[in-house]
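Report on the structure
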2 protein chains.
Amino acid sequence: MTRQLHFNLFLHDTGHHEASWRLPESDPNANLSLAAHQHLTRVAEDAKFDSVFLADSPVLWSDPGRRPAGKLEPTLLLAALAATTTRIGLIATASTSYNEPYNLARRFASLDHLSGGRAGWNIVTTAGEAAARNFGLTDQPLHKTRYERADEFLQVSTKLWDSWTDDAIVADKESGIHAVRDRVRDIGHHGTHFQVQGALNVPRSPQGWPLLVQAGSSDNGREFAARWAEAIFVANPTLAESQEFYADIKRRAVAAGRDPDHVVVLPGIVPVIGDSPAEALELEADLERLISPEYAVGTLATVLGVDVGRLRLDEPLPADLPAEDEIEGHKSRRTLIVEWARRDNLTVRQLIGKLGGGRGHRTFTGTPVQVADTIQHYFENGAADGFNIMPAVLPSGIEAFAAKVVPILQERGLFRTEYTGRTLREHYGLPRPANTLELING
Amino acid sequence: MTRQLHFNLFLHDTGHHEASWRLPESDPNANLSLAAHQHLTRVAEDAKFDSVFLADSPVLWSDPGRRPAGKLEPTLLLAALAATTTRIGLIATASTSYNEPYNLARRFASLDHLSGGRAGWNIVTTAGEAAARNFGLTDQPLHKTRYERADEFLQVSTKLWDSWTDDAIVADKESGIHAVRDRVRDIGHHGTHFQVQGALNVPRSPQGWPLLVQAGSSDNGREFAARWAEAIFVANPTLAESQEFYADIKRRAVAAGRDPDHVVVLPGIVPVIGDSPAEALELEADLERLISPEYAVGTLATVLGVDVGRLRLDEPLPADLPAEDEIEGHKSRRTLIVEWARRDNLTVRQLIGKLGGGRGHRTFTGTPVQVADTIQHYFENGAADGFNIMPAVLPSGIEAFAAKVVPILQERGLFRTEYTGRTLREHYGLPRPANTLELING
Ligand SMILES: Cc1cc2nc3c(=O)[nH]c(=O)nc-3n(C[C@H](O)[C@H](O)[C@H](O)COP(=O)(O)O)c2cc1C
Ligand SMILES: Cc1cc2nc3c(=O)[nH]c(=O)nc-3n(C[C@H](O)[C@H](O)[C@H](O)COP(=O)(O)O)c2cc1C
């Protein structure tokens, strides 16, 4: 079979543009509405997308004064969506810094059972002091420590998912034996961050493990991804950066002893689709105008680790910003933004305009054919295995993409016209993991 | 309006009888099936039940060799059920000993939004060393400490649920103001067990707080219930004990400054329904015969805190059992069992037969009219505000109860024929809690 694209829809209330809730067509409380999420997911499933995805952090993430800040917990929201969909994958973000592995491994195993093998986990380490303060800490753990804990968290979780063999349950009514007892094993994990006895109280799930997804781009983040991630979200503002990232991740995966085809790279794109090139450009300009720079400048200052007073709207970024290694938050996001501003010689106001739509992700602006061409160009030139679709405005942005861009790619043989698999792993062409405890014990 | 009964269906795979999975009609993997749970919930909703309920513990709870031991995480399973039901309440068990309040308060607020105000939380402190060992501990915290932590957990959770006022969101597209900023407040909780800054990242939910449910019966448990619980599950093997418990809880609620009508007492019953009294008794005997005493005796020994070798199947319980205050697990369950065995002069084998069906809950055996009569008798004689229905075999047990017993009670005006409310609190006749932070600040 020829290689085909993969598409994930990044669900985001009324859209990824921070002011999208203010558009006349938007339901400003879509963030709390199951029906709104059901609609978005249905559109993506009808278009044969591989998956939908929910971002998350255990903290009030944005200023509730300025945009819808309430976020339903993703594993619950996706469990609800599992009940009204049949094929599309369901990827929830959850933090390794502020959860216990027994509880979280169990939630993902449960989601995988509930959905018939459609669960994915976007593994994040959660930057920021504010989140830490919701969990008894006064400051966030160091970036390096967070990734070390994440690594051990994954060791524990995979052991828990493997604590029942696939053939543990025999359910023999006659003899009264439900599971063969020595096929359900304690894991007896004694590590640095965790002591977990096991076994999990959920049998091995349809996919064995949920699909493991990751989006950290710092050096620690890439090493973690090379070791564990099977699908990777990334923000790349240019083709060259996507190519660099793509090559680097595949190289690191090989160095970690993995098949590079089993690490699917999905850059984020904001499609802005017009019937003519001029109409598309106008739409893009409309979106930039929706931003209120006075508010956005504060967010930017936080990411860059500087006092907000040091940023002037109509001047370029200050020359003496803190370096990536002085920052404990989103290291790679900071660097991406700084390099972008310097390369394109942007003022703070211009930078904010670009970030408001895509937050560092690439905007693909044009007619349906132009957008399809760009997607194909990335796909065929070592920059992407598929894309994380992040419409500025929802649901209209995904409806337009599904109606206009997807058929072009299907016609070109670059995207499926029907689901061929049942599980999320099958959609992404990824293997079901063998049971590691079986390998060790047997 | 005349006082009416409340019914909760205690969901339990193929039924509460430990051997129910072995019956010819049972799907032995119903525990992992969304469809099976959807069916049970639909039957209960069609019968206008107030709620369905899932028990839980973050540990392998029963011997996987002997019965289906896998349990999908309840908040996820109920989120999935929320998507395919419209009226019935959804009560999930979750542990205050092995969760963080920010995460758990958020999950219940999310379930309440997803379900349009139908979420309930059965608050448990989780007995047992095995659970502790999944969370980095070598033994369970002391019974008293667990309840102290539970109390502070509730303080934090209710503050988090109240961290947004009900009128916080204005969603003014023109001005770009989504929430009024000073209506979203940090909670700044600094306590013994928890330090939580807040605010919650979920706005106040339809019910304000989920319905608070509790089932601990020890002295600590009853004090906690009197302080926090709005619905109470309890296992009482006799009418007299139900009356004692009912009076005691209402008294304690009044002493805690609460309206006793806002504490709904729901004893558990196992209805065994036959078309004639003889048929019902035969059904009950069939169920007792399904037990394998060699296995059950181990479970009994654990609850009683004795070595299994000390229990002889055809003799009464030993005279020198550990007292309730020497036990750190389910204190009140131990006492209930011991008193029952002594009062009825049961051998260990007979005791196991009774417990296998109802685990200490009362079995109501008889024709539909007899069962309805007993229910009415409890209800009208200070023993119950409603019942936690725990069929020995599912789905047949709830289908029979819904088809045969519910109509009799409806005819007598003792149970609703249509839902009159939308939320779980409305079904149970409980008020929506005022926002405590509003009261303090305003
Ligand atoms: C598409 C995408 C989605 C992300 N979603 C989340 C998220 O839901 N929660 C979160 O804490 N971080 C999220 N991140 C941030 C990354 O997990 C990571 O923290 C960030 O890219 C910085 O990388 P680093 O942590 O390796 O420095 C996301 C990043 C990308 C590119
Ligand atoms: C109907 C009912 C349901 C219960 N469900 C749970 C449960 O899901 N999880 C749990 O740990 N304990 C559960 N319990 C046990 C109680 O929470 C409590 O631990 C037990 O009754 C002993 O009381 P005590 O803890 O006050 O000693 C349940 C009890 C009853 C009566």
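Residues numbered from 1 in each chain as written. Chains lettered and ligands numbered in written order. Predicted model: local features only at pLDDT ≥ 70, side-chain atom pairs only at ≥ 80, totals over all residues. Heavy atoms only, no water.

So, about the site of ligand 2. All names here are of chain B. In the neighbourhood of ligand 2, 24 residues make up the surrounding shell, with Asp56, Tyr147, Ala215, Ser218 and Ser332 lying closest. Here an oxygen atom of ligand 2 and a side-chain polar atom of Ser218 are 2.6 Å apart. Protein burial of ligand 2: of its 610 Å² of free accessible surface, 95% is covered by the chains. Going through the elements one at a time, β4 (119-124), α5 (143-161), β10 (231-234) and α10 (331-343) are the ones with two or more residues in the shell around ligand 2. (Near = heavy atom within 4 Å. Polar contact = N/O pair within 3.5 Å; in protein donor to acceptor, adjacent residues only side chain to side chain. Areas by Shrake-Rupley, 256 points an atom, 1.4 Å probe, with all protein chains shown as cover. Helix = DSSP H or I, 4+ residues; strand = E, 2+ residues; numbered from the N terminus.)

Moving on: the relation of the copies chain B and chain A. Of the two same-sequence chains, chain B is brought onto chain A (RMSD 0.0 Å, axial shift 0.0 Å) by a rotation of 180°. Overall, the copies show the geometry of a two-fold rotation axis. For chain B, the minimum C-alpha distance to the rotation axis belongs to Ala80 of chain B and amounts to 2.0 Å. Take the interface residues of chain B: 100% of them recur as interface residues in chain A, which is what a same-surface contact looks like. (Least-squares fit on C-alpha atoms with pLDDT ≥ 70 in both. Contact = heavy atoms within 4.5 Å.)

A few words now on the UniProt feature "binding site: FMN" (unreviewed entry) in chain A. According to UniProt, the "binding site: FMN" (unreviewed entry) feature falls on Asp56, Thr93, His143, Tyr147, Ser217 and Ser218 of chain A. Inspection of the secondary structure assignment puts Asp56 of chain A in the loop between β2 (51-54) and α2 (74-82). Those residues in contact with Asp56 of chain A that sit more than four places away from it in its chain are Trp61, Lys71, Pro74, Thr93 and Val124 of chain A together with Arg106 of chain B. There is a polar contact of 2.7 Å between the side chain of Asp56 of chain A and the side chain of Arg106 of chain B. For Thr93 of chain A, the location among the structural elements is in strand β3 (residues 89-95). On the basis of relative accessible area, Thr93 of chain A is assigned to the buried category, the value being 2%. Beyond its immediate chain neighbours, meaning those up to four positions away, Thr93 of chain A contacts Phe53, Leu54, Ala55, Asp56, Pro74, Asn122 and Val124 of chain A. (UniProt positions renumbered as here; feature names shortened; annotations may be inferred. Buried < 20%, exposed > 50% of the residue type's maximum accessible area, 1.4 Å probe, protein only.)

All names here are of chain A. Positionally, Thr165 belongs in the loop between α5 (143-161) and β5 (169-172). For Thr165, a relative accessible area of 7% corresponds to the buried category. Within the local environment of Thr165, its side chain forms a polar contact with the side chain of Asp167, the two groups lying 2.6 Å apart. Only 3.1 Å separates the side chain of Thr165 from the backbone nitrogen of Ala168, close enough to count as a polar contact.

Another aspect to go through is the pairing of β5 of chain A. Residue and element names in this part refer to chain A. Strand direction decides the pairing type here: β5 and strand β6 (residues 177-179), joined by two bridges, are antiparallel. Following the sheet pairing, Ile169 is matched in β6 by Ala179. Counting the residues in the hairpin turn of β5 and β6 gives four residues, including Gly176, whose phi is positive at 80°. (Pairing = 2+ DSSP bridges.)

With that settled, the discussion passes to the site of ligand 1. All names here are of chain A. Inspection of the region around ligand 1 gives 23 residues, with Asp56, Tyr147, Ala215, Ser218 and Ser332 positioned closest. Contact distances for ligand 1 include 2.7 Å between an oxygen atom and a backbone N or O atom of Asp56. Thr93 has a polar side-chain atom sitting 3.4 Å from an oxygen atom of ligand 1. Compared with its free state, where it exposes 610 Å², ligand 1 has 95% of that area covered by protein. Of all the secondary-structure elements, those providing two or more residues to the shell around ligand 1 are β4 (119-124), α5, β10 (231-234) and α10 (331-343). A total of three residues in the shell around ligand 1 trace back to one element, the largest contributor, which is α10.

This part covers the packing of helix α6 (residues 219-228) of chain A against helix α7 (residues 239-255) of chain A. Residue and element names in this part refer to chain A. Following both chains from N to C, one finds α6 and α7 inclined at 55°, their axes separated by 8 Å at the closest point. Classed by the angle they form, the pair α6 and α7 counts as oblique. Note that α6 runs across α7; the crossing there is right-handed. Contact with α6, carried on its side by Asp219, Arg222, Glu223, Ala225 and Ala226, involves Glu244, Phe245, Asp248, Ile249, Arg252 and Ala253 of α7 and no other residues of that element. For the contact of α6 with α7, the residue count by class is five nonpolar, no polar and six charged. (Axes fitted to C-alpha atoms, helices over the stretch in contact; angles between N-to-C directions. Parallel < 35°, antiparallel > 145°, perpendicular 65-115°, else oblique. Left-handed = near helix turned anticlockwise from the far one by under 90°. Nonpolar A, V, L, I, M, F, W, Y, C, P; charged D, E, K, R; others polar.)

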